[in-house]
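Observations on chain architecture
Here is how the chains run, residue by residue.
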Amino acid sequence: MKRFFILSFCACLSVGAFCQKWEKVGDRPQMGWNSWNKFGGNISEELIRGIADALVETGLRDAGYVYVNMDDCWHGERDADGFIQPDPQRFPSGIKALADYVHARGLKLGIYSDCGTATCAGKPGSLGHEYQDALQYARWEIDYLKEDWCNTTNINARGAYRLMSDALRAAGRPVFLSMCEWGSNQPWTWAQDIGHSWRIGPDIWCNFDSARVHPQGFTDIGVMQCIRINEPLRKYAGPGHWNDPDMLEVGNGMTVNEDRAHFAMWCMMASPLILGNDLRNMSAETKAIITNAEMIAVDQDELGVQGLRHATEQGLEFWFKPLKGGDWAVTILNPTKEAVSYDLNWQHFNLIDTEVSRLGTHFDMKVYKIRNLWTHQDEGQTVLADKVWRTLTVPARDVISYRLTPVSTKSPTTAQQFTSRLKQLMKKGVMFGHQDDPFYGLGWRYEEGRSDVHDVTGDYPAVMGFELGGIELGNDKNIDGVPFDVMRREMLKQYGRGGVITISWHPHNPLTGGNAWDVKDKTVVQNVLPGGRVHGVFQIWLSRLTTFLTSLRDEQGHQIPFIFRPWHENSGGWFWWGRGLCSTEEYKALWNMTQDYVTRALPYNIVWSWSPNYGFTPDALETYPGHDRVDIIGLDAYQQPNGEKAFVEQLQKDLGVLRKLAAEKGKLLALTECGYQNIPDPTWWTRVLLPQLKPWSLSYFLVWRNGNARHYFAPAKGTPDSEDFCKMVKNKKVLMLKDIKTHPSPSL
């Protein structure tokens, strides 16, 4: 025996400091059958063989149900060496012969044990015999282990399941580990690398919406109670690690409506589909439910996202589950005892799954084909209009389930409409923009409705710039001290006035903790990318950024369009993502990672802008993310003191290069940042800047913020340049807010 344990320990060490659960097992929620719900402890090899045959004959195997799982009471005693043996009367041929029988039919055999001294039925538990049991299961060619949690006084759950997981790995045969811990120790918070699924609550029983208490003190719960416990745990589930609300009771005595609702909700929650009825003798209705291939596809979807309850109205629950390829599963659950009629308007269900997938339904921008998953009929398409699609009646304790598949539509996205508007405005002139315009100016801060530009001209800028640096840290103010709730309000005001919004982001250095200008370390970008030291931290930062961006909604709840300008001025060396601080490939990977993350939640309303800085060298164009990723090609250009001639010459050269790049695919061109600090030349606006704008078809030019009397870029009351600025904006080719507000805005 001592030699056995040494060998087992060495085997475990051979796969790492401690073993991990078997990977590539359980990438989808497990499907199969278990003996307990119908037969309890009354099992035998004859029953298991009969069920295996029934799985094949009924088509259930081909539908995906491949595990045949023996629950409690298969056990005999342990032999003289401590190895568990099967009950000789119930399993006279032995477990290996049974496994061979099951495997010959294209199925897999599952077995049951317990972390404690004894199983729930009093049979030998695995405590102290984990490596022996795992080795025995491997000898028998077992494929699945359900490990229970009875008789575990003073046992640490995490340690106990880790021990069995390690033992299974050391035994050398891939085994699915189903942890039946009942949720007592919140396994969803720690078991992702230990087991492939974990029970989230007590045992289910054959009842839709009530619990029963046994004389021994434990409780069984109904279908709805399982759903309620599982609902808030969705963020913990995913490929290879599933929340388990327990086995199915379909076909064991509930009504057909209740069985259908039960099955549909397990599929919506990406739950294990482990049947518990007698497959040798079931009704046509039961078979139709559990072999519904379209519902099973929802459960087994490769994206692996557990569905969410988005709304409850008139007693109905509206559940949504994002699927791979942009599809959505929708189930309307009626848990009440009366049928409910409901006027379904798809526009009431525009949602973004910010907790898990960051995907959105976008019914206001996208048309879907509607497939009824229970009638197996197509039922038309969603509509972009804010109106009732049809009136549905959901029977008592039943469901209506749909699969929504995006279809091509001539309706442009919000971003496409916004870009079209910008192109039309460009034909009219070039828009003037100002960074942080509504927040502060020379001698004032946070005065409702005030703006230095408005003070001087009587009009607001057509474009307003906003900065999100600091949002990544979870701060309530940005790097310039602007509260994010005030910023959101002013963004929505600018949009409501018909103006344009552009957003920049100067995130802190995730490697050093410094600001965006901390460039001491030249490995920041490579450490932000997948596999890097701070990739996980940066994913959290992207999540915080995206959460703010998704909050930009108008009064109807629709997401507003805006220009987003990340990772700008990369052709300089003053930001941690700039020239000399990362390779061309690393910069593009950073851009792509950011864009891919954000657009999962906001795929239809962002116009993306890329902007090198003034005086860039030709190799800067190698960092261009590509025409499929950029909508506006910009330039950040500031005149330096006593450098008027050099500024003009370089500006014309840079714009010429970028205009050629933009013309390849009809991209917009803009001066995304520009200006002259403190404007020491009172005629600079009309004498220097305006003539440089005329030769180019620019969408807008944005000057930087008016931070204080020593750092400002737009005129204010009393500044020497204010008169010349007013003269410039009177030019018909320079557009202020009043010049664009009547131009059609995107219809959201």
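The structure under discussion appears in the preceding block.
Note that residues are indexed from 1 along each chain, following the sequence as it is written. Local features in this predicted model are restricted to residues whose pLDDT is 70 or higher, and side-chain atom pairs enter the listing and the counts only when it is 80 or higher, whereas totals over whole chains, interfaces and linings include all residues. The side-chain quantities take in all heavy atoms of the structure and omit both hydrogens and water.

The way it works is that DSSP assigns letters per residue, a run of H or I at least four long becomes a helix, a run of E at least two long becomes a strand, and they are numbered from the N terminus. The helix and strand tally for the protein chain stands at 21 helices and 31 strands. Projected onto its principal axes, the C-alpha coordinates of the protein chain cover approximately 105 × 65 × 45 Å. The cut-offs for exposure are 20% and 50% of the maximum accessible area for each residue type, with area from a 1.4 Å probe on protein chains only; residues under the lower value are buried, those over the upper are exposed, and the others partly exposed. Here the protein chain holds 748 residues, and 59% of them are scored as buried. Contact definition: two residues touch when any of their heavy atoms are within 4.5 Å. Sequence-distant contacts in the protein chain: of pairs separated by 6 or more residues, those separated by 24 or more amount to 72%. Residue exposure ignores everything except the shown protein chains as possible cover, and the areas themselves are Shrake-Rupley values with a 1.4 Å probe. Element-wise, carbon and sulfur atoms account for 50% of the exposed surface of the protein chain, whose accessible area totals about 28600 Å². Two residue types count as positive, namely Lys and Arg, and two as negative, namely Asp and Glu; His and chain ends fall outside the count. A charged residue contributes its charge at one atom only: NZ of Lys, CZ of Arg, CG of Asp or CD of Glu. Charge separation in the protein chain, taken as the distance between the mean sites of 79 positive and 87 negative side-chain charges, equals 6 Å.

Put plainly, a pocket is an open set of points on a 1 Å grid over the protein atoms alone with protein on both sides within 12 Å along at least five of seven lines, a cavity is a set where a 1.4 Å probe fits but cannot get out, and a lining residue has an atom within 4 Å of a point. Grid points are joined across faces, edges and corners, and a volume is the space filled by probe spheres set on the points. Inspection of the entire model under this criterion finds four cavities of 30 Å³ or more. If you add up the space inside the largest cavity, you get close to 100 Å³. Around the largest cavity, the lining comprises 13 residues; the ones closest to its centre are Tyr144, Lys146, Ser178, Asp244 and Met247. The residue classification treats Ala, Val, Leu, Ile, Met, Phe, Trp, Tyr, Cys and Pro as nonpolar and Asp, Glu, Lys and Arg as charged. All others, Gly included, are polar. For the lining of the largest cavity, the class distribution of residues is five nonpolar, four polar and four charged.

Paired strands, in this sense, are two strands between which DSSP finds at least two bridges. Reading across the sheet, the eight strands line up as E11-E8-E7-E6-E5-E2-E1-E12 and stay open at both edges, with parallel pairing between neighbours. The open sheet terminates on both sides in strands that have one partner only, identified here as strand E11 (242-244) and strand E12 (273-275). On average, adjacent strands in this sheet sit at an angle of 25° to one another, irrespective of strand direction. Bridging between strand E1 (residues 31-34) and E12 involves three bridges; their strand directions are parallel. Its bridge partner lying in E12, methionine 31 is registered against leucine 273. Note on geometry: axes are lines fitted to C-alpha atoms, helical ones only across the stretch in contact, with angles between N-to-C directions running from 0 to 180 degrees.

For residues besides glycine, phi is generally negative; the peptide bonds are generally trans as well. Positive phi values are uncommon outside glycine, yet glutamate 141 reaches one of about 65°. If you trace the backbone, glutamate 141 turns up in the loop between helix H6 (130-140) and strand E6 (144-148). Non-glycine residue aspartate 436 carries a positive phi angle of around 55°. Relative to the elements of secondary structure, aspartate 436 occurs in the loop between strand E21 (430-435) and strand E22 (440-441). On the basis of relative accessibility, which here comes to 1%, the residue aspartate 436 falls in the buried class.

Here the focus is the layout of surface pockets. Estimates place the volume of the largest pocket at around 600 Å³. The wall of the largest pocket is formed by 27 residues, among which Trp36, Asp203, His214, Phe218 and Asp220 lie closest to the centre. Contributions of two or more residues to the lining of the largest pocket are made by helix H2 (36-39), E6 and strand E10 (219-220). Of the residues in the lining of the largest pocket, the class split is 12 nonpolar, five polar and 10 charged.

What follows covers the pairing of strand E3 (residues 75-78). Across two bridges, the pairing between E3 and strand E4 (residues 84-86) is antiparallel. Within E4, the position partnered with arginine 78 by the bridge is isoleucine 84. Where E3 folds back onto E4 in an antiparallel hairpin, the turn is made up of five residues, including glycine 82, whose phi is positive at roughly 95°.

Two aromatic rings from Phe, Tyr or Trp, using only the six-membered ring of Trp, form a pair when their centres are within 6.5 Å; if the ring planes differ by under 30 degrees the pair is stacked, by over 60 it is edge-to-face, and anything between is tilted. On inspection of all chains with the given rule, the structure shows 39 aromatic pairs. Plain terms: the ring middles of phenylalanine 363 and tyrosine 368 are 5.4 Å apart, the flat faces sit at 65° to each other, and that makes the pair edge-to-face. Of the residues examined, phenylalanine 363 reaches a relative accessible area of 0% and is grouped as buried. Given the relative accessible area of 0%, tyrosine 368 is considered buried. Taking the centre distance of 5.1 Å and the plane angle of 70° together, the rings of tryptophan 684 and tryptophan 685 count as edge-to-face. Both residues of the pair, tryptophan 684 and tryptophan 685, count as buried. Working rule: Lys NZ or Arg CZ, within 6 Å of ring centre, within 35 degrees of ring normal, means a charge sits over the ring. Above the plane of the ring of tyrosine 597 lies arginine 358, whose end atom (NZ or CZ) is 3.8 Å from the centre. Directly above the aromatic system of tyrosine 460 lies the positively charged group of arginine 497, at a separation of 4.3 Å from the ring centroid.

The term disulfide refers to a covalent linkage connecting the sulfur atoms of a pair of cysteines. Count a disulfide wherever a pair of cysteine sulfur atoms falls within 2.5 Å. Considering all chains together, one arrives at one disulfide under this definition. What pairs with cysteine 120 in a disulfide is cysteine 150, and their sulfur atoms sit 1.9 Å apart. Measuring handedness by torsion sign, the sulfur bridge of cysteine 120 and cysteine 150 sits at about 90° and is right-handed. Placement of the pair is cysteine 120 in the loop between strand E5 (108-114) and H6 and cysteine 150 in the loop between E6 and helix H7 (157-171), with a sequence separation of 30 residues.

A few words now on the environment of valine 305. Of note, valine 305 is situated in the loop between helix H11 (293-299) and strand E13 (308-313). Accessibility expressed as a relative area gives 5% for valine 305, which makes it buried. For valine 305, the residues in contact, after removing those within four places along its chain, are Arg234, Ala270, Lys321, Pro322, Asp353, Val356 and Ser357.

Here we take up the sheet that holds strand E15 (residues 328-334). Strand order across the open sheet formed by six strands is E13-E14-E15-E20-E17-E18, with antiparallel pairing between neighbours. Unpaired on one side and paired on the other, E13 and strand E18 (377-381) mark the two borders of the sheet. For this sheet, the mean angle separating the axes of adjacent strands, direction not counted, is 25°. Pairing geometry for strand E17 (residues 368-372) and E18, over three bridges, is antiparallel. Following the sheet pairing, lysine 369 is matched in E18 by glutamine 381.

Further remarks concern a nonpolar patch on the surface. Each patch is built from salt-bridge-free residues with over 30% relative accessible area, joining like charges within 9 Å and nonpolar side chains (Val, Leu, Ile, Met, Phe, Trp, Tyr) within 5 Å. Any Lys or Arg side-chain nitrogen found within 4 Å of a carboxyl oxygen on Asp or Glu counts as a salt bridge. Residues Ile479, Trp517 and Trp574 make up a contiguous nonpolar surface patch of about 290 Å² in total accessible area. Among the structural elements, isoleucine 479 can be located in the loop between strand E24 (463-467) and helix H14 (484-496).

With that settled, consider helix H12 (residues 414-428). Across its 15 residues, H12 extends 21 Å between first and last C-alpha, which sits within 8% of the 21 Å expected from 1.5 Å per residue. Among all positions in H12, only Thr414, Ala415, Phe418, Thr419, Arg421, Leu422 and Leu425 are buried. Within H12, the buried residues cover an arc of 155° as seen down the axis, which keeps them to one side. Helices are assigned an expected span. That span is 1.5 Å times one less than the residue count. It is the directions from the helix axis to the C-beta atoms that the arc portrays.

With that settled, the discussion passes to the pattern of salt bridges. Tallying each qualifying case throughout the model produces 41 salt bridges. Note that aspartate 133 is salt-bridged to arginine 78, the shortest N-O span being 2.8 Å. With aspartate 133 in helix H6 and arginine 78 in strand E3, the pair connects residues that are 55 residues apart, well separated along the chain. Here arginine 199 ties to aspartate 246 by a salt bridge, and the two come within 3.4 Å at their closest N and O atoms.

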